[in-house]
Amino acid sequence: MSRVRQPPLVTGISPNEGTSWTKVTIRGENLGTGPADLVGLSICGHNCLLTAEWMSASKIVCRVGPAKDDKGEIIVSTKSGGHGTSTVSFKLLKAEKIGILDQSAVWVDEMNYYDMRTDRYKGISPLSLRPSNPLGIDFDKGKVPLKDLEALFPGVSGEFTSENFSATWYLIENHSVTSFDQLRMAASNLKKQATKKNEGSLAYVKGGLSTFFEAQDALAGLMELGSHDAGRQLESFQISYTSAIHQRLESDGTERVEGSMTQRLENVLNRASDTADTLFQEVLGRKDKADSTRNALNVLQRFKFLFNLPLNIERNIQKGDYDVVINDYEKAKSLFSNTEVSVFKKVYAEVETRIGALKILLLDKLLETPSTLHDQKRYIRYLSDLHASGDPAWQCISAQHKWILGLMQNCKEEFINYQRVGLGAIALDLEGDPRPSAFSRIRDTAPLNKGGILHTPRHSTWHYETPQQVQFVEKLSDVVIGQLPNFWKLWISYVNGSLFSETGEKSGQVEKSKKNARQRQNDFKKMIEEVTHRLVKLVRGALLPSTLTELELRLYGGWENKTELTGPWLTQVIHIVRIIFEALVALEIPNDLLQVIQDLLLELRHHCLLVTLHHTAEDVKRVAEKEDWVVDNEGITSLPAQFEQCMVQMLQSLKEPMETKPGEVNILQLDQDQASELCVDIIKVFINCLEQLSTKTDRDIDTSRMSVDQASPNLFSGIQEDFCPTLEQRLLIILSNCQYLEKHTFLNLAEHFERHGFTGTEKITRVTVHAVKELDESLFDAYIERKSDPIVGSLEPGIYAGHFDWRDCGTPTGVRNYLKEALVNIITVHAEVFTVSKDLVPRVLSRIIEGVAEEMSRLMQCVSSFSKNGAIQARLEIDSLRDAVASYLSSESHASFKQALEVLPQLHNGADKKLLEELLNKFKSSMQLQLTCFQPSNVQPVKR
C-alpha cells in the first residue's frame with residue numbers, strides 16, 4: 001500500500017510584499033513531486049499557476065498577479081497532497097498613479113491610470129472602466145470574515161464584474177453596517193445611472209442648446225470688453241463648445257451652410273487639433289511604443305512556457321531529464337497543437353523539431369549495446385509516450401539477439417587469437433592469481449572448511465593458468481547466462497505490455513504491442529534456437545572437435561592446443577554446460593532443441609570419467625613434493641588443503657559425471673565398497689607422506705621446489721625462497737597438520753563421502769583418524785624429547801652452582817639465575833611453537849612443565865635438610881616457577897609442585913612470610929615482560 005502524502009505547507013515567501021507581477025520565491029514542504037503534480041497556486045486570492053515554475057518539493061518560483069486583496073495567504077494545491085495551507089502571507093502594494101507626461105523610473109501599470117484630459121480614471125481593458133463604487137455611497141465594511149461568506153454563498157462571488165455575482169454577498173461585504181437612508185440613496189443613484197444610459201447623447205445636446213447660446217452671447221460680450229489676450233482665451237473656450245454643437249448638428253443634417261459660424265468654428269478647431277497633434281506627437285508616440293512593448297511583454301509573460309520550451313527541452317535532454325521533456329511536450333501539445341497564431345505555430349514547430357531529434361536520440365540509445373534492462377524499458381516507454389514510428393520494443397529485441405550471437409562468436413575469436421600469438425591465458429585477474437575463477441562454482445557445491453583455496457592437481461603441463469578451452473566455456477556461459485535472462489524478461493514485458501506508461505495504455509499501445517507479440521512468437525523462438533545451436537557448436541569445437549563437420553570446424557573450431565584436459569577441468573566444463581542447460585530449461589525451450597545439449601553432456605561425462613580415474617592416484621603420491629613449509633595463521637601448510645582438494649576433486653569427478661539429471665542417461669553404477677577401500681588407501685598414502693617428511697634430514701629437502709605463494713595473504717613476511725625449516729620446526733608444522741587433518745580435513749571428507757552417497761563412511765573415518773593419531777603421538781614425543789630434556793637437565797647443575805648449600809646459605813635476595821634461565825628456555829620453546837601454531841602451545845608447554853615440575857620435586861626430596869634461609873629460598877623459587885607457568889599447569893604438574901612444597905619446612909614467622917612475598921613480587925615485577933607470553937591471549941601468532 002502506497003504511503004499517503006501530506007498536504008502542501010507554505011512556510012516562507014521572498015519578498016513578502018510587492019506590486020503586481022513581482023517575482024517571488026515560495027518555500028515550504030510537500031510542494032509536489034514534479035511540475036505535473038502542481039495543479040493550483042494562488043497568492044492573495046489570485047491564480048498564479050500559469051507563471052509558476054516548480055523547482056523542487058520545497059521551492060516554487062512565480063509572479064504575483066493583480067489580486068483584489070491587499071494581503072492574503074499563499075495556497076498550493078497538488079495531485080498527491082490536495083489543498084494546502086500557509087503560515088505566511090503576502091502584502092500586495094498598489095502602484096502610484098503617474099500622469100502621461102510625468103517621468104518615472106519604474107514600469108507604470110496602466111491598467112487603471114488617471115487621465116487629466118478627461119479628469120477621470122481610464123484603463124486599457126473595458127473592465128477597467130467599471131465604476132469602483134456602483135452605489136455611489138461610502139463603503140462601510142463590517143467585520144464579516146471572507147471564509148464565512150464563502151461558506152454562506154458557495155459558488156458565487158461578491159465581485160460585481162463576475163459572472164457569478166451575488167448582490168447579497170456584495171452588500172454584506174461592503175455595506176453591512178450602512179444605514180437604511182444611505183442604502184435608499186444608493187438605490188436612487190442606480191436608477192439615475194440607468195436613466196442616463198437610456199437617454200441618447202443627441203437628446204442631451206439638444207436639451208442644453210438654450211444654455212449654450214446664452215453662454216455664447218455672454219462670451220461675445222466679454223471679448224469686446226476684455227483685452228486681446230483675454231479675448232483669445234475666451235475665444236478658445238467658445239470654440240470648444242461651438243465645435244461640439246456644430247458636429248452634432250451637421251451629423252443630423254440640420255445645418256450645412258458654407259461660411260457659417262459652425263463652419264468657421266470647425267476650421268478653427270481643425271487647425272487647433274493639428275497643432276495639438278504636432279505638440280503631443282512625441283509624447284503620444286512614446287505612449288504607443290510603450291503600449292506595444294507592454295503588450296508584447298504581457299504575451300511573453302503569459303506564454304513564457306511555450307517560448308522557453310525549445311531551450312528547456314535542449315537543456316533537459318543534456319541533463320537526461322527525459323520525463324520532464326515529455327511532460328512539457330504533452331502540455332504544449334494539448335495547448336498549442338491546433339493554434340492559429342503564427343508566432344505560436346513557429347515556436348511549436350521548433351518544439352516538434354526538437355522532439356523529433358529526441359526520438360532519434362532515444363532510439364539510438366535503445367539500440368546501443370551493452371545496455372541494462374532498466375534502461376531498455378525506460379527508453380521504450382519514452383518512445384511510446386512520444387508516439388515514435390515503428391515498433392521500438394521489437395527493434396530492441398532484434399538488436400539484442402544479434403548482439404548476443406556476436407558476443408559468443410567474438411568470444412571464440414578472442415581466445416583463438418590470443419592462443420596464436422602465444423599470450424597464454426587471458427582470464428588471469430589483476431593480481432596475477434593463477435587459480436581458475438571457474439572453480440568458484442565448485443566451491444559452492446563442495447566447500448572446503450579450510451582456506452577456501454582450491455587447486456587443480458598439477459600435472460606436468462600445469463603452468464599457473466586455467467586451460468583456455470575451460471576459460472572459453474566459462475566465458476561463453478557468462479555471456480549466455482548473463483544476457484539471456486534480461487533478453488527473456490524484455491520479451492515477457494513486450495508480451496504483457498508492461499513496457500508502456502499510463503499514457504501508452506490510454507492510447508491503445510498496450511493492445512497493439514500484445515497483438516504484435518502474438519504474431520512474432522515464432523520469430524522469437526527461432527532466435528532462441530539459433531543461440532542454443534551456436535552454443536553447442538562452439539563448445540564442441542573447443543572440446544570435441546571430432547564431432548563437427550569440416551565446414552562447422554572452420555566456423556566454430558580453430559583451436560591449436562592439443563593437450564588433453566584433466567578430470568577436474570572436464571568436470572568443470574560439465575558443470576558449466578549443465579548450468580547453461582538449466583537456464584535454457586527455465587526459458588521453456590522446446591524438447592527437440594534441448595536434445596542437442598543432452599547429447600553434448602553425455603559425451604562430455606563419458607570422456608571425463610575415463611580421464612579422472614587415471615590421474616587421481618598419481619596426484620596423491622606426488623603430494624609430498626609440493627610441501628613448501630609455508631604456514632598460515634592456523635599453523636598449517638598448504639599440504640592438507642592440497643590433499644583435501646585432491647580428494648574433493650576425485651569425489652566430484654566420480655560423482656558429477658555419473659549424476660543423472662532429469663532427461664540424462666545413467667552411465668555407470670560403481671562398486672561402493674571398492675571405492676571406499678580406494679579412498680582409505682589414498683588417505684594412508686598421504687599419512688605416510690607426512691611421516692617421510694618428518695624424518696627427512698636437511699640435505700634431503702629440495703629447496704628448489706619451495707616458493708612463496710604471492711596470492712595468499714597468510715604468509716610470513718620474512719620468508720625467502722631459500723627458507724629451510726629445522727627439524728624441530730618441521731615436527732611442529734607436521735604436528736599442526738596432523739591436528740588439522742584430525743579435526744577438520746577428515747571430517748570434511750566424511751561429509752563429502754556421505755554427500756556423494758558412499759557407504760562405509762564411518763569405517764573410512766575411524767581407520768584414517770587412528771592412523772593420523774599414531775603419527776601425531778610419535779612426532780609429539782620426538783619434539784618433547786628434543787626440547788624438554790635440555791631444560792630439565794639444566795636444573796640440578798643450576799641449583800648447586802657455586803657450591804650452594806640449602807643448610808648454609810645467606811638471606812635470600814631474589815630468584816637465582818638458573819631458574820630464570822629455565823624460564824627463558826621455556827619462553828624460547830613457547831615462541832617457537834607459537835610462531836607455527838598457537839593451538840600447539842598449551843599441549844607442548846604443559847608436557848615440558850610436567851617434566852620441569854617433576855624434576856624440581858625430585859631435587860627437593862633429595863635434600864636432607866633446609867635452613868630457614870634455605871627453606872625461604874627454595875619456597876621462593878618453586879612459587880615463582882609455579883606462578884609463572886600457572887596457565888599451563890596440568891594435574892601432574894600441580895601434584896609435583898605440591899610434593900616439592902611439602903618437603904620444605906613451613907614458615908611460621910611473619911617476617912619470613914613478608915620477606916617471601918616481597919621477593920616474589922620483586923621477581924614478578926622484574927620478569928613481567930618475559931612472563932607476558934605465559935598469559936592467556938587471543939593475539940594472532942607472530943610470524944618469523
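These numbers come from a predicted model, not from an experiment.

## So, the overall build of the protein
Move 1: Summing up its helical and strand segments, the protein has 31 helices and 13 strands in all.
Move 2: For the protein, the residues scored as buried account for 42% of the 944 residues in total.
Move 3: Of all intrachain contacts in the protein linking residues separated by at least 6 positions in sequence, the fraction that spans at least 24 positions is 73%.
Move 4: Surface summary for the protein: the accessible area is close to 51,700 Å², and the carbon and sulfur share equals 52%.

## So, the confidence of the model for the protein
Move 1: Averaged over every residue, the pLDDT of the protein is 75; residues scoring 70 or more account for 75%.
Move 2: For residues 108-130, every residue scores under 50 in pLDDT, and the model assigns this stretch 38 contacts once sequence neighbours within four places are set aside.

## Points about the pattern of salt bridges
Move 1: Counted by the stated rule, this structure contains 28 salt bridges.
Move 2: One salt bridge connects Asp 321 with Lys 319, and the closest N-O pair in it is separated by 4.0 Å.
Move 3: Judged by relative accessible area, which is 31%, Asp 321 ranks as partly exposed.
Move 4: Using a relative accessible area of 59% as the deciding quantity, one classes Lys 319 as exposed.
Move 5: Beyond isolated ion pairs, a larger network of salt bridges with shared partners links Asp 879, Arg 882, Asp 883 and Lys 924.

## Quick notes on the nonpolar core
Move 1: Judged by nonpolar contacts, the single largest core of 93 residues is most densely connected at Phe 643, Met 647, Phe 746, Val 852, Met 860 and Phe 934.
Move 2: Counting residues per element, this core draws most heavily on helix H24 (residues 761-793), at eleven residues.
Move 3: Residues Ala 517, Met 527, Ala 542 and Phe 581 belong to the second largest nonpolar core, which totals 81 residues.

## A word on a nonpolar patch on the surface
Move 1: A cluster of nonpolar side chains, namely Leu 279, Phe 280 and Leu 284, defines an oily patch on the protein surface of about 280 Å² accessible area.
Move 2: Among the structural elements, Leu 279 can be located in helix H7 (residues 261-302).

## Quick notes on the packing of aromatic side chains
Move 1: Considering all chains together, one arrives at 15 aromatic pairs under this definition.
Move 2: One aromatic cluster is present, formed by Trp 394, Phe 487, Trp 491, Tyr 494 and Phe 524 through successive ring pairs.
Move 3: For the cation-ring pair, Lys 331 lies above Phe 305, with the distance from its terminal atom to the ring centre recorded as 4.7 Å.
Move 4: Directly above the ring of Phe 780 sits Arg 843, whose terminal nitrogen or CZ lies 4.1 Å from the centroid.

## So, helix H9 (residues 322-336)
Move 1: Spanning 15 residues, H9 covers 21 Å between terminal C-alpha atoms, matching the ideal 21 Å at 1.5 Å per step.
Move 2: Among the residues of H9, those classed as buried are Tyr 322, Val 325, Ile 326, Asp 328, Tyr 329, Ala 332 and Phe 336. Buried residues along H9 cover an arc of 165° about the axis, so they all sit on one side. Residues of H9 that are exposed and angled more than 90 degrees away from the buried face: Ser 334 and Leu 335.
Move 3: The elements touched by buried residues of H9 are helix H8 (304-319), helix H10 (342-367) and helix H11 (373-385).

## Details of the packing of helix H26 (residues 817-836) against helix H27 (residues 841-861)
Move 1: Interhelical geometry of H26 versus H27 gives an angle of 160° and a closest axis separation of 9 Å. If you check the angle between H26 and H27, you find them roughly antiparallel. The two elements H26 and H27 cross, and the hand of that crossing is right-handed. Between H26, through Tyr 818, Ile 826, Val 829, His 830, Val 833 and Phe 834, and H27, the contact on the second element is made entirely by Val 841, Val 844, Leu 845, Ile 848, Val 852 and Met 856.

## Structural notes on the sheet that holds strand S10 (residues 85-86)
Move 1: A sheet is described by the order of its strands in space; here five strands give the open sequence S6-S7-S3-S1-S10, paired in mixed fashion. Sheet topology places strand S6 (53-56) and S10 at the edges, where each strand pairs with a single neighbour.
Move 2: For strand S3 (residues 23-29) and strand S7 (residues 59-63), the ladder comprises five bridges, and the chain directions are antiparallel. Looking at the pairing, Val 24 lines up with Cys 62 of S7.

## Some thoughts on the pairing of strand S1 (residues 9-14)
Move 1: Bridge count between S1 and S3: five bridges; the pairing is antiparallel. Bridge pairing in S3 links Ile 13 to Ile 26.
Move 2: In the sheet, S1 pairs with S10 via two bridges, with the strands oriented parallel. Counterpart to Val 10 in the pairing with S10 is Ser 86.

## Some points on unusual backbone geometry
Move 1: In the segment running from Ser 14 into Pro 15, the intervening peptide bond is cis, with an omega of -5°.
Move 2: With respect to the helices, strands and loops of the structure, Pro 15 is situated in the loop between S1 and strand S2 (17-18).
Move 3: The phi dihedral of Trp 21 is positive, around 70°, even though this residue is not glycine.
Move 4: Along the polypeptide, Trp 21 turns up in the loop between S2 and S3.
Move 5: For Trp 21, a relative accessible area of 41% translates into the label partly exposed.

About the cut-offs
Numbering of residues starts from 1 in each chain and follows the order in which that chain's sequence is written. The predicted origin of the model limits local features to residues at a pLDDT of at least 70 and limits the giving and counting of side-chain atom pairs to 80 or more, whereas totals for whole chains, interfaces and linings rest on all residues. Neither water nor hydrogens contribute to the side-chain values; these are computed over all heavy atoms in the structure. Going along the chain from the N terminus, every DSSP run of H or I of four or more residues is numbered as a helix, and every run of E of two or more is numbered as a strand. Only protein chains enter the area calculation, which uses a 1.4 Å probe; residues under 20% of their type maximum are buried, those over 50% are exposed, and those in between are partly exposed. Contacts are residue-level and defined by heavy atoms, with any inter-residue pair within 4.5 Å sufficient. Accessible surface area values rest on a Shrake-Rupley calculation with a 1.4 Å probe, where residue burial reflects the displayed protein chains alone. What pLDDT conveys is the predictor's confidence in a given residue, as a value from 0 to 100. Just to be clear on terms, a salt bridge is a Lys or Arg side-chain nitrogen sitting within 4 Å of an Asp or Glu carboxyl oxygen. Take the buried residues of types Ala, Val, Leu, Ile, Met, Phe, Trp, Tyr and Cys, join any two whose side-chain atoms come within 4.5 Å, and each joined set is a nonpolar core. Patch criteria: residues need more than 30% relative accessible area and no salt bridge. Like-charged residues are merged within 9 Å; nonpolar side chains of Val, Leu, Ile, Met, Phe, Trp and Tyr are merged within 5 Å. Each aromatic pair joins two rings of Phe, Tyr and Trp (for Trp, the six-membered one) with centres within 6.5 Å, and gets the label stacked for planes under 30 degrees apart, edge-to-face for over 60, and tilted for any other angle. We call a charge positioned above a ring when the Lys NZ or Arg CZ atom is no farther than 6 Å from the ring centre and deviates by at most 35 degrees from the ring normal. A helix is expected to span 1.5 Å for every residue after the first. Each C-beta atom gives one direction from the helix axis, and the arc is the one those directions make. Whenever a helix is involved, its axis is fitted only over the stretch in contact; in every case the axis is a line through C-alpha atoms, and angles between N-to-C directions fall within 0 to 180 degrees. Between 65 and 115 degrees an angle is taken as roughly perpendicular, under 35 as roughly parallel, over 145 as roughly antiparallel, and anywhere else as oblique. If you view the pair so one helix is near and one far, a crossing is left-handed when the near helix is turned anticlockwise from the far one by less than a right angle, and right-handed when it is turned clockwise. Pairs of strands are assigned from DSSP output, requiring at least two bridges between the strands.

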